[in-house]
Amino acid sequence: MTTGPTDILPWLRKRRAPLLVSHQRPDGDALGSLAGMGGLLRALGMSPTIALFDALPPRYRLLAGTEWSSWEPVSARFDAFDALLILDTCSASQLEPLVTRLAAAPPTLVIDHHATRDEIGTRAGDLRFIDVSASACALLVAEWADGAALPLTPAIAAALFVGIATDCGWFRFSNTDARTFQAVSRLVSAGVRPDALYQQLYQCDPLPRARLAGRLLTALDLRASGLLAVMKLRQSDFAAAGADRTMTEDLVNEAARLGGVEATALFSEDPDGRIRINLRSRNWLDVAAVAAELGGGGHARAAGARATGDFETVVAQVVARLEQLLRAAPRST
Ligand SMILES: [Mn+2]
C-alpha cells in the first residue's frame, strides 16, 4: 500500500534480516540512502544486508562502516531475508537482476522520490513511501529518522548528507529547497563535516577521470542554436583516457558551465555495446518525458535511459527529438 513515514517503523519492527537494494549504477543518493538506512536498522537491532548490483564507485568508499555485498552471493540466499527494502528507485528497468524475484520477494518497502514508477511494493503487506517533492531519497530517510527520534551517529549522518548533497549537485540544482537545508542542518549538527566530504567526493579524482572529461569537452557539440549540448563517450574514449565506467558520474553536468544551454545529452557506450543516455535540463525542458519515450525515466531536470543499436544512429534519433522539443516549447523562464 501507499503509505506515510509513520507507517515505516511499525512495519520494520516485525523484521530482523532485511535486504537493502537500490538502483543499478548506484549514485550518491542510492549509496548514501543504503548506508544511512543500514546504520539506522542496525541501531534498531536488525541485521541488514546491503547488496549492490554493480561495483562500488571508488569515491564512495568514504561511506565508512558499511558492508557492501555483491548481488550474486546474496541472490543465492534470497529466501533468508524477511524484508526487502528498495531505496531511490521504483523502476523495474533499474532493478534488472532483481525483477524476476520481486513477485516472490519477502514483504517489500519502497522509499523513493522519482516521478516514474512501476508496480513494485504494492502487494498486500508491502509498503511504498514515495514523495516526488523530496530532493533526495536520503532526505526522506533523514526526515523519517528524525520523525521517529532515531539517534544519528556521525557515520549515519554523513551517509545521508552524501545522498542529499550529491542529488542536489552540492546544493546547486533546482531541487535544493528549504526542506533540504533543514535536513542537512540537522545532519551537520550530528557531526557531518561538509568540507571534508566535499574534498573526498569532488577533489580526489584519479587522473583518468580528468582525461575522460577532457575528451568529453573537446568533442562537445552545441545544437538547437546553443540550447542543446551533446556529448559522447565511445569505448575508444575510455580506453584512451585509461578510464572505466565508474568515472562517468557527474560528467553530464560539465556542459552546464556553458551559457544558454537548456539541455544536455550524454551518450556513453558500455563494453557490451549498450548505450547509456543521460539527460539534464536547466529550466524548463521535461527530460523525464524524453527518457520515458526511450524506455527510461527519472526527474524533470535529470533523467536517463539505455538503448541498443548503432551508436551514431541512436545519437541522431535522440538529438533530433530533443531539438524538436527545444525548438517547439515555449521558453517559460
Ligand atoms: Mn535520488
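Residues numbered from 1 in each chain as written. Predicted model: local features only at pLDDT ≥ 70, side-chain atom pairs only at ≥ 80, totals over all residues.

### Some remarks on the nonpolar core
Generally speaking, a soluble globular protein has its nonpolar side chains buried in company with each other. Ranked by internal contacts, the top residues of the largest apolar core, which has 58 residues, are Leu160, Phe161 and Ile164. With nine residues, the single largest contributor to this core is helix 6 (residues 154-167). Membership of the second largest hydrophobic core comes to 35 residues, among which are Leu228, Val230, Ala243 and Leu326. (Core = buried A, V, L, I, M, F, W, Y, C linked by C-beta atoms within 7 Å. Buried ≥ 20, exposed ≤ 12 C-beta atoms within 10 Å, placed from the backbone. Helix = DSSP H or I, 4+ residues; strand = E, 2+ residues; numbered from the N terminus.)

### Some remarks on the domain arrangement of the chain
Along its sequence, the chain is organised into domain 1 (5-202) and domain 2 (207-328). Distance between the C-alpha centres of domain 1 and domain 2: 26 Å. The class makeup of the residues in the side of domain 1 that touches domain 2 is five nonpolar, six polar and one charged. (Domains from an automatic or database assignment. Nonpolar A, V, L, I, M, F, W, Y, C, P; charged D, E, K, R; others polar.)

### Some words on the packing of helix 5 (residues 137-147) against helix 6
At a closest axis distance of 7 Å, the pairing of helix 5 and helix 6 adopts a crossing angle of 140 degrees. Here helix 6 runs oblique to helix 5, going by the angle between their axes. Judged by the sense of rotation from one axis to the other, the crossing of helix 5 with helix 6 is left-handed. Packed against helix 5, whose contacting residues are Cys137, Ala138, Leu139, Val141 and Ala142, the element helix 6 presents Leu160, Gly163 and Ile164 at the interface. (Axes fitted to C-alpha atoms, helices over the stretch in contact; angles between N-to-C directions. Parallel < 35°, antiparallel > 145°, perpendicular 65-115°, else oblique. Left-handed = near helix turned anticlockwise from the far one by under 90°. Contact = placed C-beta atoms within 7 Å.)

### A closer look at the packing of helix 2 (residues 28-43) against helix 6
Between helix 2 and helix 6, the least distance of the axes is 7 Å, while the angle of their chain directions is 160 degrees. Classified by the interaxial angle, the pair formed by helix 2 and helix 6 is roughly antiparallel. Viewed along their axes, helix 2 and helix 6 form a crossing whose handedness is left-handed. Along its contact with helix 2, which presents Gly28, Asp29, Gly32, Ser33, Ala35, Gly36, Gly39 and Leu40, the element helix 6 presents Ala155, Ile156, Ala159, Leu160, Val162, Gly163, Thr166 and Asp167.

### Digging into the sheet that holds strand 9 (residues 263-269)
Taken together, the six strands give an open sheet; going across it, the order is 7-8-9-10-12-11, and neighbouring strands pair in mixed fashion. At either end of the open sheet lies a strand with only one pairing partner, and these are strand 7 (221-223) and strand 11 (297-298). In the sheet, strand 7 pairs with strand 8 (residues 228-233) via three bridges, with the strands oriented antiparallel. Paired with Arg223 across the bridge in strand 8 is Leu228. Of the strands in this sheet, strand 7, strand 8, strand 9, strand 10 (275-281) and strand 12 (302-307) are in contact with helix 12 (residues 311-328), which crosses strand 9 at around 170 degrees. (Pairing = 2+ DSSP bridges.)

### Side note on the pairing of strand 9
Across the seven residues that make up strand 9, a large majority, six, are buried. The pairing of strand 9 with strand 10 spans seven bridges and is antiparallel. Paired with Ala263 across the two strands is Ser281, which belongs to strand 10. As consecutive antiparallel partners, strand 9 and strand 10 are separated by five residues, and within that stretch Gly273 has a phi angle of approximately 90 degrees, a positive value.

### Some remarks on unusual backbone geometry
The bulk of non-glycine residues show a negative phi, and the bulk of peptide bonds are trans. Even without being a glycine, Asp88 presents a positive backbone phi close to 70 degrees. For Asp88, the position within the fold is in the loop between strand 4 (83-87) and helix 4 (96-99). By C-beta crowding, Asp88 is classed as buried, having 29 other C-beta atoms within 10 Å. Unlike most non-glycine residues, Trp170 shows phi in positive territory, near 50 degrees. Structurally, the position occupied by Trp170 is in the loop between helix 6 and helix 7 (178-189). Residue Trp170 is classed as partly exposed on the basis of its 16 C-beta neighbours within 10 Å.

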